Amino acid sequence: MRKKKSLLDEIKDKYIYSQDKACEMFLRMVWDYYVKNDLETGDQLADIFYALYMNSEELTYDEIVYRFNIGLSTLSRYRKRFNKLANILLPNT
């Protein structure tokens with residue numbers, strides 16, 4: 001059974017493997033949003049977003065959880081949050 005990819009997973013694949021500039025700009029726009037959010041809240045969402053979707057090094061969820069000292073359920077919530085914003089920004093998907 002194949003795992004259904006999220007919107008951001010598909011955009012990441014286009015960015016990493018096809019060097020698609022539009023995908024890169026979209027990911028940077030979303031990442032920039034979280035950078036600004038982190039400055040206000042003190043969170044590390046931008047770093048987690050970067051590790052998930054912009055890093056060319058493939059990290060497993062376990063590696064990301066360990067690196068940022070969060071739980072798998074927290075990472076799952078963050079991924080939903082990231083994809084919700086992406087769906088709002090790209091309504092025709």
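It should be noted that the structure appears before, not after, this text.
A brief structural summary. (Residues numbered from 1 in each chain as written. Predicted model: local features only at pLDDT ≥ 70, side-chain atom pairs only at ≥ 80, totals over all residues. Heavy atoms only, no water.)

1. Some words on the packing of aromatic side chains
1) Next: As enumerated under the stated definition, the model contains eight aromatic pairs in all.
2) Next: The rings of Y33, Y34, F49, Y53, Y78 and F82 are connected pair by pair, giving a single aromatic cluster. (Phe/Tyr/Trp six-rings, centres within 6.5 Å; stacked < 30°, edge-to-face > 60°.)

2. Here we look at the nonpolar core
1) Next: Counting residues in each nonpolar core, the largest one holds 28 residues, and the members touching the most others are L8, L27, I48, F49 and F82.
2) Next: Counting residues per element, this core draws most heavily on helix α3 (residues 45-54), at eight residues.
3) Next: Setting aside residues no more than four positions away along its own chain, F82 makes contact with L8, Y34, L45, I48, F49, L52 and Y53. (Core = buried A, V, L, I, M, F, W, Y, C linked by side-chain atoms within 4.5 Å. Buried < 20%, exposed > 50% of the residue type's maximum accessible area, 1.4 Å probe, protein only. Helix = DSSP H or I, 4+ residues; strand = E, 2+ residues; numbered from the N terminus. Contact = heavy atoms within 4.5 Å.)

3. Some details on unusual backbone geometry
1) Next: Although it is not a glycine, Q19 sits at a positive phi angle of roughly 55 degrees.
2) Next: Among the secondary structure elements, Q19 is positioned in the loop between α1 (7-18) and α2 (21-41).

The quantities given are spatial measurements derived from coordinates; they are silent on function.
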